[in-house]
There are 2 protein chains.
Amino acid sequence: MSGQEKFVEGFSKKSKAEKIRWLTAHYLNNDSRAVERLMRYWHTDKEIQERHENFIENTLSNYWLPYAVAPNFLVNGRVYAVPMVTEESSVVAAAAKGAKFWYRYGGFHARVLSTVKYGHIHFIYKNDPEKLKNFVDETTPLFMERLRPFTANMEKRGGGILSVELEDLRHKLPGYFTLTFRFETVDSMGANFINTILEEWSDYMREKYPDYGPAEDLDIVMSILSNHNPECRVRVEVEAPVEDLERQTGLEGYAAKMKTAFDMARVNPFRAVTHNKGIMNGVDAVVLATGNDFRAVEAGAHAYAGKDEGYTSLSRAFLENGRLVLRLDLPLAVGTVGGMTGLHPLADLSMEILGRPDARRLMNIMASVGLAQNFSAVHSLVTEGIQKGHMKMHLQNILMRLDATPGEAAQIRKIFENRKAHVHSVKEALEKLRKK
Amino acid sequence: MSGQEKFVEGFSKKSKAEKIRWLTAHYLNNDSRAVERLMRYWHTDKEIQERHENFIENTLSNYWLPYAVAPNFLVNGRVYAVPMVTEESSVVAAAAKGAKFWYRYGGFHARVLSTVKYGHIHFIYKNDPEKLKNFVDETTPLFMERLRPFTANMEKRGGGILSVELEDLRHKLPGYFTLTFRFETVDSMGANFINTILEEWSDYMREKYPDYGPAEDLDIVMSILSNHNPECRVRVEVEAPVEDLERQTGLEGYAAKMKTAFDMARVNPFRAVTHNKGIMNGVDAVVLATGNDFRAVEAGAHAYAGKDEGYTSLSRAFLENGRLVLRLDLPLAVGTVGGMTGLHPLADLSMEILGRPDARRLMNIMASVGLAQNFSAVHSLVTEGIQKGHMKMHLQNILMRLDATPGEAAQIRKIFENRKAHVHSVKEALEKLRKK
């Protein structure tokens, strides 16, 4: 089949059955097992299946990720079992281990520093900046008033537009200005609200500017929220006496070693990226389980880590007055209303399990899971290494791949209890077993 | 119920049924509908269900994300229908739109610049650096030899340890050195391989160092791969004559406006983060669909964007010889063997749909989807704004939330064809409709 035959017009307009038929004909040699594999993951209840299909375009089936909980999270005096969605083995185990470790020391102390979010109208301006300033100053109250129908509801809930400011960025790009908006969106992530406000506002600007100068002075390039929200941030800490930690772990110099490991991540980008990846392993699992957008959260977190010279870690360790303190500062723009949260039955169940938190409480929980994950990863690294824990799950995966029966798996597990598992060594052991 | 009763010992050891019983008793008021909701997402085939449960710990159910394809991706002369997994509406539509737009201009031209990955042994050294250098130089060939059982297989596939180098980081932290390894892991992401090598090597160092000086000179803090892999990178480009683009879009100055929009992202971090988030919307959807680790990919991409002074965009636009060129440089550490790819039936199907690519070809495809997504997002922003497209899907979600029947939905869709949809306005329209 030539390449051109694989081009298709109007794919999105086809029915699901037609889409699958086209795909298997052009990319799967009409293999009926492929169709079967897609259908195997459909829901038997057509209505539920349709609900899931309608979230996006061109849906053929449902991709499954394990849905789990990590119990024993003591956050600001309240105990949570936190729903987590991830494909990576040992993440939920590490979160649960971190939660239990810090439970005895009073758990996680988290607070939201702010929930202010940013949005911008980006434009090129070719006339006198004073004229522009004048235009912005005079029209801002006017446009605010015009936006009432859009902002009234949000204001009722305690949110809205906090400020509008003209920023001169001509030193970065000729003629570049932004109108920089700060928003409070309370319990929603706020993407639709913010983008609607910005697009309406730019329409008003285009309409009104000709009263001030030639229309071509003002070239509005785009109007959109920012995923960089350094102010919209939560800070979470755990702490314990150095002596107690050494007694608990049975390791002399444990707290000092943890502090050194955290310091290394602070100064070395190669370590910082992996250190932060560990934090996000935990955070994203809760973001997914609650129907939030993990790309937005990832972008915000890593950009915050890279906002100054060079890239650094999001969490720090301190040794103060005989205590080890671990602190994570995490920008986090998430919602508890809107988006997928209320629409996906399991995202909704996650909110129920968490006791229907508002956005701030959800931020506290997510950041706590991030710090627990971070702690557990670094703890493993500075003590036994991470491979031992990973390998237990890794062995499980190897056994699955080699189609080991439950009986065989139990015997192999015993053999590898104190040995590192590799595909070849497990295969060898399994073959030996099967020959018996 | 007091907080203490919500603490649990040995949760991971409970059976799935016991875990669910405990959870509903302590967090869901024994609500049988919650249990039902979890069970509703189990597979009817026990064996398939168990396979999915065993990927991680404490699994209670499966979290569903829509599995879709975006057709018409012409990458290096071959046409793909790309499997995508995402919860965000309009992402798959935007990818498909971008693919189709560039198809007529020869599609995406992608090449892998390198697949070198990093790993480090991080340690504090308290003796003469010359002695350390001597130790490393003398033991490196020895340890390489000892590692043969671990590296032989990888070398057969064309990979292995490329280099080992001592790095002095004492200017950043007292006594801080790393032993920096560069690896080639061919078609596997390589996490287990790299971490095993590093942990073995540090065991050898601990064992051998006493021949050179007092054991306490050498404090190995941790040994682990890095998710910062600036060399492991793919570059993808699309290009077309400016005239053709203006004719196709019907917009005078279209190419110049696109270039300005890309330039704004280059110089303004608030825009860069969102610009890159758009890229990752596409990349992550393919990462998920192929069973790869999106936290690793996210960390690597954003850290690369933030590696120098300030955070910048991953893609650039150029106007050269009457042509618009869009270029994305994306660090990407992914695998086509190992991990979840072969274990998750739908991840495996994704690989089949893509024609069983090796890691390099998969990197090319992922980066192409990233650039397509990026293009479509910026295109929408500089033309109609993003809300119009979003709102179509947003309306769908609002209708779902308001339990509109298919008949009602069709009528509402007609009403909002040229109007922005908001929960309150849709609700109003729906109520009016129902009163009739």
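Residues numbered from 1 in each chain as written. Chains lettered and ligands numbered in written order. Predicted model: local features only at pLDDT ≥ 70, side-chain atom pairs only at ≥ 80, totals over all residues. Heavy atoms only, no water.

What should I look at first to understand the overall build of chain A in this one?
In terms of regular secondary structure, chain A is built from 16 helices and ten strands. For chain A, the proportion of its 436 residues judged to be buried stands at 61%. At a minimum sequence separation of 6, the contacts of chain A that also span at least 24 residues come to 71%. Per element, the accessible surface of chain A, about 17000 Å² overall, is 48% carbon and sulfur. Averaging the positions of the 57 positive and the 55 negative side-chain charges in chain A gives two centres separated by 9 Å. (Helix = DSSP H or I, 4+ residues; strand = E, 2+ residues; numbered from the N terminus. Buried < 20%, exposed > 50% of the residue type's maximum accessible area, 1.4 Å probe, protein only. Contact = heavy atoms within 4.5 Å. Areas by Shrake-Rupley, 256 points an atom, 1.4 Å probe, with all protein chains shown as cover. Lys, Arg positive; Asp, Glu negative; His and termini not counted. Charge placed at Lys NZ, Arg CZ, Asp CG, Glu CD.)

Would you take a moment to explain the environment of V234 of chain B for this structure?
All names here are of chain B. With respect to the element layout, V234 can be found in strand 8 (residues 233-241). The buried category is assigned to V234, whose relative accessible area is 0%. C-alpha separation for the pair V234 and D329, spaced 95 residues apart in sequence, amounts to 5.9 Å. Look past the residues within four positions of V234 in its chain and what remains in contact with it is A110, R111, V112, L113, L328, D329, L330, L332, M363, N364 and A367.

Please explain unusual backbone geometry as it appears in this structure.
Of all residues except glycine, most have a negative phi; of all peptide bonds, most are trans. Positive phi, close to 55°, is recorded for N30 of chain A, a residue that is not glycine. By relative accessible area, N30 of chain A is classed as exposed at 54%.

Mind showing me how you'd approach the sheet that holds strand 4 (residues 117-125) of chain A here?
Picture the strands of a sheet paired through backbone hydrogen bonds; they go either parallel or antiparallel. The strand order across the open sheet formed by four strands is 5-6-4-7 (chain A), and the pairing between neighbours is antiparallel. The open sheet has two edge strands with one neighbour each: strand 5 (160-168) and strand 7 (218-225) of chain A. The sheet shows a mean angle of 15° between the axes of neighbouring strands, direction not considered. The strands touched by helix 10 (residues 269-289) of chain B are strand 4, strand 6 (176-184) and strand 7 of chain A; relative to strand 7 of chain A, the strand with the most contacts, the crossing angle is about 60°. (Pairing = 2+ DSSP bridges. Axes fitted to C-alpha atoms, helices over the stretch in contact; angles between N-to-C directions.)

Could you clarify how one ought to interpret the packing of aromatic side chains in this entry?
Each aromatic ring pair is summarised here by two numbers: the centre-to-centre distance and the angle between the ring planes. Residues and elements named next belong to chain A. A complete count under the given rule lists 46 aromatic pairs over all chains for this structure. Through successive ring pairs, a cluster of aromatic residues spans F123, Y125, F135, F177, Y209 and Y212. Its guanidinium or amino end placed over the ring of Y204, R146 lies 4.4 Å from that ring's centre, counting from NZ or CZ. Positioned above the aromatic ring of F294 is the side chain of R295, whose terminal nitrogen or guanidinium carbon lies 4.6 Å from the ring centre. (Phe/Tyr/Trp six-rings, centres within 6.5 Å; stacked < 30°, edge-to-face > 60°. Lys NZ or Arg CZ within 6 Å of the ring centre and 35° of its normal.)

I would appreciate a short explanation of the relation of the copies chain B and chain A in the present structure.
Both copies of the chain are related by a screw-like operation: a rotation about an axis and a shift along it. Mapping chain B onto chain A is achieved by rotating through 180° and translating by 0.0 Å along the same axis, at an RMSD of 0.0 Å. What the superposition gives is, in effect, a two-fold axis relating one chain to the other. Mapped onto chain A, 100% of the interface residues of chain B again fall at the interface, so both copies present the same surface. (Least-squares fit on C-alpha atoms with pLDDT ≥ 70 in both.)

Just checking my understanding: could you explain the packing of helix 11 (residues 294-305) of chain A against helix 10 of chain B for this structure?
A pair of packed helices is characterised by two quantities: the angle between their axes and the separation of those axes. Where helix 11 of chain A contacts helix 10 of chain B, the axes come no closer than 9 Å and their chain directions differ by 130°. Taken together, the axes of helix 11 of chain A and helix 10 of chain B are oblique relative to one another. Crossing angle aside, the handedness with which helix 11 of chain A passes helix 10 of chain B is right-handed. Counting all contacts with helix 11 of chain A, which are made through F294, R295, A296, A299, G300 and A303 of chain A, the residues of helix 10 of chain B involved are V273, K277, M280, N281, D284 and L288 of chain B. In the contact of helix 11 of chain A with helix 10 of chain B, the residues fall into seven nonpolar, two polar and three charged. (Parallel < 35°, antiparallel > 145°, perpendicular 65-115°, else oblique. Left-handed = near helix turned anticlockwise from the far one by under 90°. Nonpolar A, V, L, I, M, F, W, Y, C, P; charged D, E, K, R; others polar.)

What is the right way to read the nonpolar core from this model?
Generally speaking, soluble globular proteins have nonpolar side chains that are buried together. The biggest cluster of nonpolar side chains holds 271 residues, and the ones touching the most others in it are F73 of chain A together with F73 of chain B. Contact partners of F73 of chain A, with chain neighbours within four places excluded, come to R78, V79, Y80, V82, A95, A99, F108, S368, V369 and A372 of chain A. Of all hydrophobic cores here, the second largest spans eleven residues; its members include L395, A409, I412 and L430 of chain B. (Core = buried A, V, L, I, M, F, W, Y, C linked by side-chain atoms within 4.5 Å.)

How should I be thinking about the environment of F11 of chain B in this particular structure?
Among the structural elements, F11 of chain B can be located in the segment before helix 1 (16-27). When the C-alpha atoms of F11 of chain B and T341 of chain B are compared, they prove to be 29 Å apart, with 330 residues separating the residues in sequence. Among residues more than four places away in sequence, those in contact with F11 of chain B are V69 and P71 of chain A together with K19, W22 and N58 of chain B.

I'm lost on the sheet that holds strand 8 (residues 233-241) of chain A in this one. Help?
Residues and elements named next belong to chain A. Read from one edge to the other, the open sheet built from four strands follows the order 3-8-10-9, with strand pairing classed as antiparallel. A single partner strand is all that each edge strand has here, and the edge strands are strand 3 (109-114) and strand 9 (315-320). With direction set aside, neighbouring strand axes in the sheet form an average angle of 20°.

Honestly, the side chain of D284 of chain B in this entry has me stumped. Any pointers?
Turning to its location among the elements, D284 of chain B is positioned in helix 10. Among residues more than four places away in sequence, those in contact with D284 of chain B are F294 and R295 of chain A together with V85, F294, V297 and E298 of chain B.

So what exactly am I meant to see when it comes to the domain arrangement of chain A here?
When the parts of a complex come together, some accessible area is lost, and that lost area is often used as the size of the interface. Once the domains are mapped, chain A shows domain 1 (3-53), domain 2 (74-114 + 232-383), domain 3 (116-225) and domain 4 (389-435). Centre-to-centre separation of domain 1 of chain A and domain 2 of chain A, based on C-alpha positions: 39 Å. (Domains from an automatic or database assignment.)

Whenever I open this one, helix 4 (residues 91-103) of chain A confuses me. Can you help?
For an α-helix, 3.6 residues make a turn, and residues three or four places apart therefore share a direction. Residues and elements named next belong to chain A. A rise of 1.5 Å per residue sets the reference length of helix 4, with its 13 residues, at 18 Å; its end C-alpha atoms lie 18 Å apart and thus fit the reference within 8%. Burial analysis of helix 4 places ten of its 13 residues in the buried class, the great majority of the element. Those residues of helix 4 lying buried are V91, V92, A94, A95, A96, G98, A99, F101, W102 and Y103. (Expected span 1.5 Å × (residues − 1).)

What should I look at first to understand helix 1 (residues 16-27) of chain A in this one?
Residues and elements named next belong to chain A. For helix 1, which comprises twelve residues, the first-to-last C-alpha distance of 16 Å matches the rise-based estimate of 16 Å (1.5 Å per residue) to within 8%. Those residues of helix 1 that sit buried are K19, I20, W22, L23, T24, H26 and Y27. Directly beyond the C-terminal end of helix 1, a positive phi value near 45° is found at N29.

Teacher, can you tell me more about the confidence of the model for chain A here?
Caution is warranted with low-pLDDT regions, since their predicted coordinates should not be read in detail. Residues at a pLDDT of 70 or more form 96% of chain A, whose mean pLDDT is 93. With pTM at 0.91, the complex prediction returns an ipTM value of 0.91. (pLDDT = per-residue confidence, 0-100.)

How do you make sense of the environment of L147 of chain B when you look at a structure like this?
Residue and element names in this part refer to chain B. Mapping L147 onto the fold places it in the loop between helix 5 (129-146) and helix 6 (148-156). For the pair L147 and S202, spaced 55 residues apart in sequence, the C-alpha separation works out to 12 Å. In this structure, L147 is in contact with I161, I197, E200, W201 and Y204, ignoring residues within four places of it in sequence.

Can you walk me through the interface of chain B and chain A in this structure?
Taken together, the contacts link 147 residues of chain B with 147 residues of chain A. When the area that chain B buries against chain A is broken down by residue, the three leading residues are Y63, W64 and R295 of chain B, summing to 7%. Inspection of the chain B/chain A interface yields twelve salt bridges. As a salt-bridge pair, R295 of chain A and E87 of chain B come within 3.0 Å of each other at their nearest N and O atoms. Seen at the junction of chain B and chain A, the total is 52 residue pairs in polar contact (both at pLDDT 80 or more). Ranked by the residues each element gives to the side of chain B that touches chain A, the list is headed by strand 1 (residues 59-75) of chain B, at 13 residues. Residues of the side of chain B that touches chain A, tallied by class, amount to 72 nonpolar, 46 polar and 29 charged. Here strand 1 (residues 59-75) of chain A runs beside strand 1 of chain B; their pairing, made up of nine bridges, is antiparallel. Residue pairing for strand 1 of chain B: W64 of chain A is matched across the bridge by W64 of chain B. (Buried area = accessible area lost by both parts, 1.4 Å probe. Salt bridge = Lys/Arg side-chain N within 4 Å of Asp/Glu carboxyl O. Polar contact = N/O pair within 3.5 Å; in protein donor to acceptor, adjacent residues only side chain to side chain.)

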